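Architecture and fold: a report
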Amino acid sequence: YRCPISQLKPGKNTIHLCFRSLNNALSVRRARPSWKTKLVSHQQLRWFRTSLLGYIPGWTPPVKAVGPWRAMHLYREMELHSVQLKTGIVDEIGLIGFSCTLENVQELESATLRVGDKQFPIKVDLNANTGTCSAKVKIDSPELWWPHTHGKPFTYPVLLAVKSGQVNREFQLNSVGFRQIQMNQQDDNFEFVVNGKKIFCRGACWTINDSNSLTGNLQLLEQMLEQMQNAGANMLRVLGTMVYESEHFYNLCDRFGILVWQDLMFANMDYPFADETFLENVKQEITQQVGRIASHPSIAIYCGNSEISQQVAMLGFAEEQRKIEFFEETLPALIDQVAGPALYVESSPTGGNLPFFVNQSLSHYYGVGAYQRPVSELRSHDVKFTSECLGFANVPVEHSRNQVLDGDIPKIHDPRWKAATPRDSGAGWDFEDVRDHYLQQNFSVDPQKLRYENPQAYLQLSEVVSGQLMAQCFAEWRSG
């Protein structure tokens, strides 16, 4: 949101921010949804554009988002916003479509776009202290951006230089990369092809690294993504239950060669797209967020939502009720308008006769994991592509346990420990029970007996078993 403020007086200005009670807003009677989900604690959350972190019982800590999200800025001088950098490759020529808006501009004489070591003139227009800049750039035979598992994630630095009267300003923009990403969905497959090469995607669903702030610890972020790269991961999925990640996150993924599967922030609920006010607000959200991240070469695909198609199917609704106009038509058209041609899928999971068939198109796979199936069944399950899978409650690493518990061995039977263990809503088990099942299967020990006879050994083996299962599953999926 942008708010013009006039008649500023040095040292005598106060900005009042009002955050009204969400609980009171949720209590207002509104139209009933077509279906209810057990994912969230209150069905009326579908009317409010807020993260579901903190609202999913048994899965995230009950920390609610209150207050401003991300930084606020006061601009007195020239301000740059609405930057768009659309890249593409045609006949081995790299293309960049650039546009931006400049506010608080008295004069606008010239502007130049520098890409790498080359400079390009920009068309500029000035109207009532607002300038618009645009350019179309061609680069012959550009270096390509690759996932780090297949090549070098090469990017070109981009700089905007503006001359306004006696003032010369430079704005460092996001770097750009040139790559072609296609998808093969023939014969129930779901394959990514980058620069003409099939990519075996391996990675994880990404959760913001500090759910208390909803912004994340930016110092820790680089370390975590470097660890992901060193582990061989080449794709991360930003889930629709979370938040749109920071610019720093996408810049690091560009640098480390990690593809990003980007969900839009919709999950499981029957959103009121028929309400005009809600729809217009969502369109503005998509325009701003997709416009912000579209220039990043790491963005591999946009996904309309998390598990809505699956939710409707599991409730037994007819196939036509799974086809929601906003996700089928409105959203992909909006993304195409803002970002240019991009890969898009309506929902995760989706496709096949039913969206939860793992051997057809895009699935969420919990056979090994939540459903405690043996690893030996992986081959018969014939998973094509899973954007969410396995699922274990990981034991916090030792230094985290020591920090919280002052070096004491954790009492895993303590109600507070079990209350913090992730679980599916309404289930009679949690994901620690799942881990214990595989602990017994892989190490031929009784988890309950080991826990009270040798708790240190229990913790050490519990740390190991999740990694073992992941290694076995990924090796099978990667095999011929």
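Look up a bit, the structure's there.
All of the points below concern the structure found in this document. Each chain carries its own residue numbering, running from 1 in the direction its sequence is written. Only residues with pLDDT of at least 70 get local features here, since the model is predicted, and only at 80 or more are side-chain atom pairs given and counted; chain-wide, interface and lining totals rely on the full set of residues. Neither water nor hydrogens contribute to the side-chain values; these are computed over all heavy atoms in the structure.

A look at the overall build of the protein chain
Short version of the rule: Per the convention used, a helix needs a DSSP run of H or I reaching at least four residues, while a strand needs a run of E reaching at least two, with both numbered from the N terminus. Radius of gyration: C-alpha atoms only; globule rule: 2.2 Å multiplied by the number of residues to the exponent 0.38. Buried means the residue's accessible area, taken with a 1.4 Å probe over protein chains only, is under 20% of the maximum for its type, while exposed means over 50%, and partly exposed covers the values in between. Contacts: residue pairs with any heavy atoms within 4.5 Å of one another. Exposure was quantified through the Shrake-Rupley algorithm and a 1.4 Å probe, taking into account, for residues, occlusion by the shown protein chains and nothing else. Asp and Glu are treated as the negative residues and Lys and Arg as the positive ones, with His and the ends of the chain left uncounted. By convention, charge coordinates are those of NZ in Lys, CZ in Arg, CG in Asp, or CD in Glu.
Summing up its helical and strand segments, the protein chain has 13 helices and 18 strands in all. In terms of overall size, the protein chain behaves like a compact globule, its C-alpha atoms giving a radius of gyration of 25 Å where 480 residues would be expected to give roughly 23 Å. Projected onto its principal axes, the C-alpha positions of the protein chain cover 80 × 55 × 55 Å. The buried share of the protein chain, reckoned over its 480 residues, is 44%. Restricting the contact set of the protein chain to residue pairs at least 6 apart, pairs at least 24 apart contribute 64%. Of the roughly 25800 Å² of accessible surface on the protein chain, a fraction of 48% belongs to carbon and sulfur atoms. Computed over 45 positive and 51 negative side-chain charges, the separation of the two mean positions in the protein chain equals 4 Å.

Thoughts on the nonpolar core
Under the convention used in this document: Residues belong to one nonpolar core when they are buried, are Ala, Val, Leu, Ile, Met, Phe, Trp, Tyr or Cys, and are joined through side-chain atoms within 4.5 Å.
Ranked by size, the top nonpolar core spans 52 residues in total, and within it F249, F266, F273 and I286 carry the most contacts. Those elements that provide at least two residues to this core are α2 (218–230), β13 (235–238), α3 (247–256), α4 (276–293), β15 (299–303), α5 (308–314) and α7 (325–339). Residue contributions to this core peak at seven residues, all from α7. Each residue touching I286, except ones within four places of it in the same chain, is listed here: Y244, L264, F266, G291, L331, L334 and I335. Among the nonpolar cores identified, the runner-up in size contains 27 residues, and M78, I89, V115 and C133 belong to it.

As for the pairing of strand β4 (residues 118–121)
To be explicit about the condition: A pair of strands counts as paired when DSSP detects no fewer than two bridges linking them.
In this sheet, β4 lies alongside strand β3 (residues 110–115) in antiparallel orientation, the contact comprising four bridges. Each residue of the ladder has a partner; that of L113, found in β4, is F120. What sits between β3 and β4 in their antiparallel hairpin is a turn of two residues, with G116 showing a positive phi close to 65 degrees.

Remarks on the packing of α2 against α3
Any two packed helices are characterised by how steeply their axes cross, that is the angle between the axes, and by the distance between the axes. Heads up, the condition is: Angles shown run from 0 to 180 degrees and are taken between the N-to-C directions of axes, each axis being a line fitted to C-alpha atoms and, for helices, limited to the stretch in contact. Each angle is binned into one of four classes, with values under 35 degrees roughly parallel, values over 145 roughly antiparallel, values of 65 to 115 roughly perpendicular, and all other values oblique. Left-handed describes a crossing whose near helix is turned anticlockwise from the far helix through less than a right angle; right-handed describes the clockwise counterpart. When residues are sorted by character, Ala, Val, Leu, Ile, Met, Phe, Trp, Tyr, Cys and Pro go into the nonpolar class, Asp, Glu, Lys and Arg into the charged class, and all the rest, Gly among them, into the polar class.
Two elements in contact, α2 and α3, have axes separated by 10 Å at closest approach and are oriented at 30 degrees. In this view, α2 runs roughly parallel relative to α3, as classed from their interaxial angle. Crossing hand, α2 versus α3: right-handed. Residues L218, L221, E222, L225, E226 and Q229 of α2 form the contact with α3, whose own contacting residues are H248, F249, L252, C253, R255 and F256. In terms of residue class, the contact of α2 with α3 is built from seven nonpolar, two polar and three charged.

Focus on the packing of aromatic side chains
How we decide: Working definition: rings of Phe, Tyr and Trp (its six-membered ring) pair if their centres are within 6.5 Å, and the pair is stacked with planes under 30 degrees apart, edge-to-face with planes over 60 apart, and tilted otherwise. When the NZ atom of lysine or the CZ atom of arginine is within 6 Å of a ring's centre and also within 35 degrees of its normal, the charge is said to sit over that ring.
Counting across every chain of the model gives 24 aromatic pairs. Judged by centre distance (6.0 Å) and plane angle (75 degrees), the ring pair of F190 and F192 falls under edge-to-face. The burial state of F190 is the same as that of F192; both residues are buried. Ring centres of F266 and F326 lie 5.6 Å apart, and the angle between their planes is 65 degrees; on these two criteria the pair is classed as edge-to-face. Taken as a pair, F266 in the loop between β14 (259–263) and α4 and F326 in helix α7 lie far apart in primary sequence, 60 residues in all. Its relative accessible area of 0% is what places F266 among the buried residues. Taking relative accessible area as the criterion, F326 reaches 3% and is therefore assigned buried. Ring pairs connect the aromatic residues F266, Y271, F273, F278, F326 and F327, which therefore count as one cluster. Taking the ring centre of W146 as reference, the NZ or CZ of K197 above it sits at 5.4 Å.

Description of empty space enclosed by the protein
This is how it is decided: Using a grid of 1 Å spacing that covers the protein atoms alone, one calls a set of points a cavity when a 1.4 Å probe fits there but cannot get out, and a pocket when the set is open and has protein on both sides within 12 Å along at least five of seven lines; lining residues are those with an atom within 4 Å of a point. Grid points are joined across faces, edges and corners, and a volume is the space filled by probe spheres set on the points.
Enumeration according to the criterion identifies one cavity of 30 Å³ or more in this entry. Volume-wise, the largest cavity comes out at about 40 Å³. Forming the boundary of the largest cavity are I208, N209, T215, G216, N217, L218, L221, E245 and S246. Across the lining of the largest cavity, the residue classes tally to three nonpolar, five polar and one charged.

Re the packing of helix α11 (residues 431–443) against helix α13 (residues 455–478)
Where α11 meets α13, the closest approach of the two axes is 9 Å, and the angle between their N-to-C directions is 85 degrees. In terms of orientation, α11 lies roughly perpendicular with respect to α13. Counting all contacts with α11, which are made through E432, R435, D436, Y438, L439, N442 and F443, the residues of α13 involved are Y458, L461, S462, V464, V465, S466, Q468, L469 and Q472. For the contact of α11 with α13, the residue count by class is eight nonpolar, five polar and three charged.

Considering the state of the cysteines
Heads up, the rule is: Any cysteine sulfur atom paired with another within 2.5 Å is treated as part of a disulfide.
The final tally for this structure, using the stated rule, is zero disulfides. C303 forms no disulfide, and the closest cysteine sulfur to it belongs to C205, at a distance of 11 Å. The closest cysteine sulfur to the non-disulfide-bonded C389 is located on C205, 7.2 Å from its own sulfur. For C389, a relative accessible area of 24% corresponds to the partly exposed category.

Examining the pattern of salt bridges
Between side chains of opposite charge, a pair can form when the charged atoms approach closely. What counts here: Here a salt bridge means any side-chain nitrogen of Lys or Arg lying within 4 Å of a carboxyl oxygen belonging to Asp or Glu.
If you walk through the whole model with that rule in mind, you get 20 salt bridges. One salt bridge connects R49 with E285, and the closest N-O pair in it is separated by 2.8 Å. One end of the pair, R49, is in the loop between α1 (22–26) and β1 (79–90); the other, E285, is in helix α4, and 236 residues separate them in sequence. Notably, a salt bridge pairs K198 with E191, separated by 3.8 Å at the nearest N-O pair. Salt bridges here are not isolated pairs; linked through shared partners, they connect K418, R423, D430, E432, D433 and R435.

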